[in-house]
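Reading the structure
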There are 2 protein chains.
Amino acid sequence: MSEIVKIALIGLGTVGTGVARVLLEESERLTRRCGKQIKLAKVVVRDKSRPRHIDLPDEMVTDNLQDVLDDESIQIAVQLIGGINPAKDYMERLLDSGKHVVSANKALLCEHGEELFSRAREQGRTIAFEAAVAGGVPIIHVLSQAMVGNQITSIEAILNGTSNFILSEMFLGGRDYADVLREAQELGYAEADPALDVDGTDAAQKLGLLTQLAFGTKVSLDQFPRQGIDKLPLEDLLYADELGYSVRLIAVARLLNEQLEMHVQPTLVQLDKPLAQVSGVNNMVALEGDVVGKTWYSGYGAGQNPTASAVIADLVDTVAGRSDLIFPFMDLWSDRPARKVLPAEEIRRRYYMRFSVLDQPHTFAEMADILGRNQISLASIIQHETPESPEANGESRQIVPVVIMTHMTTEGRIRAASAELAELKSICPDPVIMPVLD
Amino acid sequence: MSEIVKIALIGLGTVGTGVARVLLEESERLTRRCGKQIKLAKVVVRDKSRPRHIDLPDEMVTDNLQDVLDDESIQIAVQLIGGINPAKDYMERLLDSGKHVVSANKALLCEHGEELFSRAREQGRTIAFEAAVAGGVPIIHVLSQAMVGNQITSIEAILNGTSNFILSEMFLGGRDYADVLREAQELGYAEADPALDVDGTDAAQKLGLLTQLAFGTKVSLDQFPRQGIDKLPLEDLLYADELGYSVRLIAVARLLNEQLEMHVQPTLVQLDKPLAQVSGVNNMVALEGDVVGKTWYSGYGAGQNPTASAVIADLVDTVAGRSDLIFPFMDLWSDRPARKVLPAEEIRRRYYMRFSVLDQPHTFAEMADILGRNQISLASIIQHETPESPEANGESRQIVPVVIMTHMTTEGRIRAASAELAELKSICPDPVIMPVLD
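None of these values were measured; they are calculated from a predicted model. (Residues numbered from 1 in each chain as written. Chains lettered and ligands numbered in written order. Predicted model: local features only at pLDDT ≥ 70, side-chain atom pairs only at ≥ 80, totals over all residues. Heavy atoms only, no water.)

A word on the overall build of chain A
What counts here: Strands here mean DSSP runs of E at least two residues long; helices mean DSSP runs of H or I at least four residues long; both are numbered from the N terminus. We compute the radius of gyration from the C-alpha atoms alone; for a globule the expected value is 2.2 Å times N to the 0.38, where N is the number of residues. Two residues form a contact once any of their heavy atoms are found within 4.5 Å. When charges are counted, Lys and Arg contribute as positive and Asp and Glu as negative, whereas His and the chain ends are disregarded. In this description, the location of a charge corresponds to atom NZ of lysine, CZ of arginine, CG of aspartate or CD of glutamate.
Along chain A, the regular secondary structure elements total 15 helices and 16 strands. Its C-alpha atoms give chain A a radius of gyration of 25 Å, near enough to 22 Å, the size a compact globule of 438 residues would have. Across its three principal axes, chain A shows a C-alpha extent of roughly 90 × 45 × 35 Å. Counting contacts in chain A only where the partners sit at least 6 residues apart, residues at least 24 apart contribute 76% of the total. Across chain A, the mean location of the 42 positive side-chain charges is 5 Å away from that of the 62 negative side-chain charges.

Brief notes about the sheet that holds strand E6 (residues 127-128) of chain A
All names here are of chain A. Short version of the rule: At least two DSSP bridges between two strands are required for those strands to pair. Axis angles are defined between N-to-C directions and span 0 to 180 degrees, where every axis is a line fitted to C-alpha atoms and, for a helix, only to the segment in contact.
Strand order in the open sheet formed by six strands is E3-E2-E1-E4-E5-E6, and the pairing between neighbours is parallel. Each edge of the open sheet carries a strand with a single partner, namely strand E3 (61-62) and E6. Sheet strands touched by helix H1 (residues 14-25): strand E1 (4-10) and strand E2 (37-44). Its angle to E1, the strand with the most contacts, is close to 160 degrees. Contacts from helix H4 (residues 87-96) reach E1, strand E4 (74-79), strand E5 (100-103) and E6, with the element oriented near 165 degrees to E4.

Some words on the UniProt feature "active site" (unreviewed entry) in chain A
Residues and elements named next belong to chain A. Keep this limit in mind: UniProt positions are given in the numbering used here, feature names are shortened, and annotations may be inferred rather than shown by experiment. Remark: exposure states derive from per-residue accessible area (1.4 Å probe, protein chains only) relative to the maximum for the residue type, with buried under 20%, exposed over 50%, and partly exposed in between.
On the UniProt side, "active site" (unreviewed entry) is annotated at positions that read Lys-206 here. You can see Lys-206 is positioned in helix H10 (residues 201-215). On the basis of relative accessibility, which here comes to 6%, the residue Lys-206 falls in the buried class. If we ignore the near neighbours within four places in the chain, the residues touching Lys-206 are Lys-106, Ala-132, Val-133, Ala-134 and Leu-159.

Thoughts on the pairing of strand E11 (residues 293-300) of chain B
Regular strands place side chains that alternate from one sheet face to the opposite one. Burial runs high along E11 of chain B: six of the eight residues are buried. By the bridge criterion, five bridges tie strand E11 (residues 293-300) of chain A to E11 of chain B in an arrangement that is antiparallel. In the sheet register, Gly-299 of chain A faces E11 of chain B, and the bridge partner there is Thr-295 of chain B. Counting the residues between successive antiparallel strands, the hairpin from strand E10 (residues 282-289) of chain B to E11 of chain B contains three residues.

Let's talk about the relation of the copies chain A and chain B
Convention followed: Alignment of copies: least-squares fit on C-alpha atoms of residues with pLDDT of at least 70 in both copies.
Rotating chain A by 180 degrees and translating it 0.0 Å along the rotation axis places it on chain B, where the RMSD comes to 0.0 Å. The two molecules are tied by a two-fold rotation axis, judged by turn and shift. By C-alpha distance to the rotation axis, the residue of chain A lying nearest is Tyr-297 of chain A, at 2.4 Å. A high fraction, 100%, of the interface residues of chain A reappear at the interface in chain B, so the copies pair face to face through one surface.

Section: the interface of chain A and chain B
Applied cut-off: For any pair of parts, buried area is found by adding up, for both, the accessible area (1.4 Å probe) each one loses once the two are put together. The salt bridge criterion pairs a side-chain nitrogen of Lys or Arg with a carboxyl oxygen of Asp or Glu, the two atoms within 4 Å. Any N or O atom pair separated by 3.5 Å or less is treated as a polar contact, with the protein-specific requirement of one donor-capable and one acceptor-capable atom, and with residues adjacent in sequence counted only for side-chain atom pairs.
In this complex, chain A contributes 46 residues to the contact, which on the side of chain B involves 46 residues. Carbon and sulfur atoms make up 54% of the surface buried where chain A meets chain B, a total of about 4,100 Å² over both sides. Across the chain A-chain B interface, the total number found is six salt bridges. Counting the contacts that link chain A with chain B gives 21 residue pairs in polar contact (both at pLDDT 80 or more). Sorting the residues of the side of chain A that touches chain B by element identifies helix H2 (27-34), helix H6 (139-146), E11, helix H12 (304-320) and helix H13 (323-326) of chain A as the ones contributing at least two each. The element that contributes the greatest number of residues to the side of chain A that touches chain B is H12 of chain A, accounting for eight residues.

Some thoughts on the domain arrangement of chain A
Residue and element names in this part refer to chain A. Test applied: Segmentation of the chain into domains, including their bounds, is taken from an automatic or database domain assignment. In this classification, Asp, Glu, Lys and Arg are treated as charged, Ala, Val, Leu, Ile, Met, Phe, Trp, Tyr, Cys and Pro as nonpolar, and every other residue, Gly included, as polar.
Each assigned domain of chain A is listed with its residue range as follows: domain 1 (151-299) and domain 2 (344-437). The straight-line distance from the C-alpha centre of domain 1 to that of domain 2 is 25 Å. Approximately 1,900 Å² of surface area, both sides summed, lies buried where domain 1 meets domain 2, with 62% of it carried by carbon and sulfur atoms. Among the residues of domain 1 in contact with domain 2, Tyr-239, Leu-243 and Leu-268 are the three that bury the most area, contributing 29% of the side total. Taken together, the connections running from domain 1 to domain 2 amount to two salt bridges. Residue Arg-354 is joined to Glu-235 by a salt bridge in which the shortest nitrogen-to-oxygen separation is 3.6 Å. Where domain 1 meets domain 2, there are eight residue pairs in polar contact (both at pLDDT 80 or more). Counting only elements with at least two residues in the side of domain 1 that touches domain 2, the list comes to helix H11 (234-242), strand E8 (245-256) and strand E9 (259-270). Sort the elements by how many residues they give to the side of domain 1 that touches domain 2 and E9 lands first, with nine residues. For the side of domain 1 that touches domain 2, a count of residues per class yields 15 nonpolar, five polar and seven charged.

Thoughts on the packing of aromatic side chains
Short version of the rule: Paired rings are identified among Phe, Tyr and Trp, the last through its six-membered ring, by centres lying within 6.5 Å, and are further divided according to the angle between planes into stacked (under 30 degrees), edge-to-face (over 60) and tilted (the rest).
Taken as a whole and judged by the stated rule, the model has seven aromatic pairs over all chains. Taken together, a centroid distance of 5.2 Å and an interplanar angle of 35 degrees make the contact between Phe-117 of chain B and Phe-129 of chain B tilted. Of this pair, Phe-117 of chain B sits in helix H5 (residues 106-122) while Phe-129 of chain B sits in the loop between strand E6 (127-128) and helix H6 (139-146), and the two are twelve residues apart along the sequence. For the pair Phe-117 of chain B and Phe-129 of chain B, one class covers both residues: buried. The rings of Phe-117, Phe-129 and Phe-327 of chain A are connected pair by pair, giving a single aromatic cluster.

Quick look at the sheet that holds E6 of chain B
Residue and element names in this part refer to chain B. What the six strands build is an open sheet, ordered E3-E2-E1-E4-E5-E6; its pairing is parallel. Only two strands of the sheet have a single neighbouring strand rather than two, namely strand E3 (61-62) and E6. Sheet analysis places strand E4 (residues 74-79) next to strand E5 (residues 100-103), joined by four bridges and oriented parallel. Paired with Ile-76 across the bridge in E5 is His-100.

Remarks on the environment of Asp-324 of chain A
All names here are of chain A. Its location among the elements puts Asp-324 in helix H13. Relative accessible area serves as the criterion here: at 36%, Asp-324 is assigned to the partly exposed category. In this structure, the C-alpha to C-alpha distance between Asp-324 and Pro-429, residues 105 residues apart in sequence, is 55 Å. Residues contacting Asp-324, with those up to four places away along its chain left out, are His-100 and Thr-126.

Observations concerning the UniProt feature "binding site: NADP(+)" (unreviewed entry) in chain A
All names here are of chain A. Here the UniProt-annotated "binding site: NADP(+)" (unreviewed entry) positions come out as Ile-10, Gly-11, Leu-12, Gly-13, Thr-14, Val-15, Gly-16 and Thr-17. In contact with Gly-11, not counting residues within four places along its chain, are Gly-16, Val-44, Leu-80 and Ile-81. With a relative accessible area of 53%, Thr-14 lands in the exposed category.

What follows is the structure, encoded as structure tokens:
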């Protein structure tokens, strides 16, 4: 008879239900893989009367966290509730009452990770959080175990499945943003309020957590450029394709002269790169280490079962005692000096720019003059011919799109040029500007 | 002052030198990540007089394994020698003398793993072998930790970097096999004797090891079809491309009605699948689990540094005590009944076939008749027009290629039809036949 380890589940939403199902249905499998029997002892829900998608004995279910805190026989809490409140308070109380914690809450760990991780370490407890980043892709395991021989030098990743689904469906179906967003919501890929997914916040939180792990530095969201896909017209996906690129919401954190370059933005990725080929709700992390070189990890970035798979891996690690030997050695604490974040203005990249310009003499010259004075050199220009209107006398007076690819330049120069260009009467406001991933 | 763990390195070839370099140069990094100081105490080489690519104190280097066996203060042996002899004997003696072992030897572990793994378990020691499969891609960590919630249902993989380099260079450069092989040898991607790489043996050994881990079943190499890339003409890579496929040396192990379907063969992969896009010496493993769904892992499949990265990860796991909590719970032992291997004849796939036929009346009818009687139904046919020779009177009497894509059929039917086709005088011997990955 194997030793029994009692655990509690805090939260019975989509992922919680998936985890409970694996625990109940695959008990033999899990016992074989950690040598102990994992017993689901308590499930904490907000509202006991709400219908559940899984059959649980009534006495197992409670709406009072205190029932778990008071039960000393419960060693591990799998906390699957989102947001900061009451999640932060719950996690603190769980750690203080001596439980190990498994969590999928990237918002909480990105914002308050440092504090919570330290608290766990002081209590001799562990927090495992594979499910917080990239769903079924085991990137936390990879960073904290498989890559220990390396200093990670670069993370380039697609971390938000909703955005990736929208971008790939827009392009493949020739559909606009609002139309695909509606479908994503119907399919359950996007929340009723999709703001945090499509404005880049979710991806930035996950990048923050990966950065802490890979570079031992906590970076807050206001320290690096963040932009979502929610204002991106279909037109630019098509121009990008014409130029040999795919547009993806790319999260980047990389070492550059010992500083950290970070950004989350819709980005042009060369079509033959693995990141350009990730479609639907998949995520991908491209990881570069100073010993291993470049490696890629991909799979479903969210969803009940992929996320449950990640939670179960953490739970089994914790039950087997492995988390006790992983967590204390993660690069999560600032024993070493934090790395400086490269100021946004100094980020060097190539850029895609689309301007809507009045098709009249001298417009292009004015535009090129401003770019040139800001040291931005042009690599290629697309302006497709528009039909001549008969009365135009060589001037169509229409608004026409002009697409420019720059050579390598800095975010600072792009911002300065943009400010000047905004003053030109012959150019419409709000050009579309996206960096290129090189 | 952190505890010191003494280790020995057995073998100072390419990978051994890479490992020694990381140990000596990144000592602070490794200590931080396992809480102990890893001290390289002994290096066993075959020939002490041979020049070394790393500077080591003379007293550290020995040509006698016994020096390591006798030194009780050495806790871990990193054994980096290839082949079966004396590697097997060495590993047994290391385990018997109480050392944990880290190994990169897929040939040894594929053939004698069951015995060696059991011996280690009996001795309360561990064998870690991340570096034995897919170089820098941490597939062993993924299978033994990150996927514990899953029953793996399918492995589809590119496991031999040399073959993948050759196939992608042949296609991209329009070059033939011998020409690219020569380049691969010059670049150090292929051995002077490349037989085991290009005939599929190396990939099959790695698949055997992955199968043992994912399905708890030891399968020997003679139990499944294995075919290399060494007889593949450029022509077929071009036809495959015309049909929308890339040719890759694909290793497959998947569950089908509780039986194991396995094969290593040059295979047509749809161009938009991740496996089709792996180029150069990269490896990729596409893993499907019953909870997580499909996930992909990719990176350099061999080479000094990627493999050293994998070895170091295992070493750090072992030093930190994690291997003690991973190794005993791997699905490596036959506590459960072994799965039956699906007989080759029953493997169901689509096939690509190219016949060289005499361009005369009735040839196609005879061919189609044989395929039809063997229940093989044709999905598409390519026969490009050849120039009419003036004297031919409607019959060119040339040898022309006919490419056929079949609908789903079985290996058994393909073999039966091939035997009958071989009897036809109007068809040249040895048609090119490759399965399609669906």
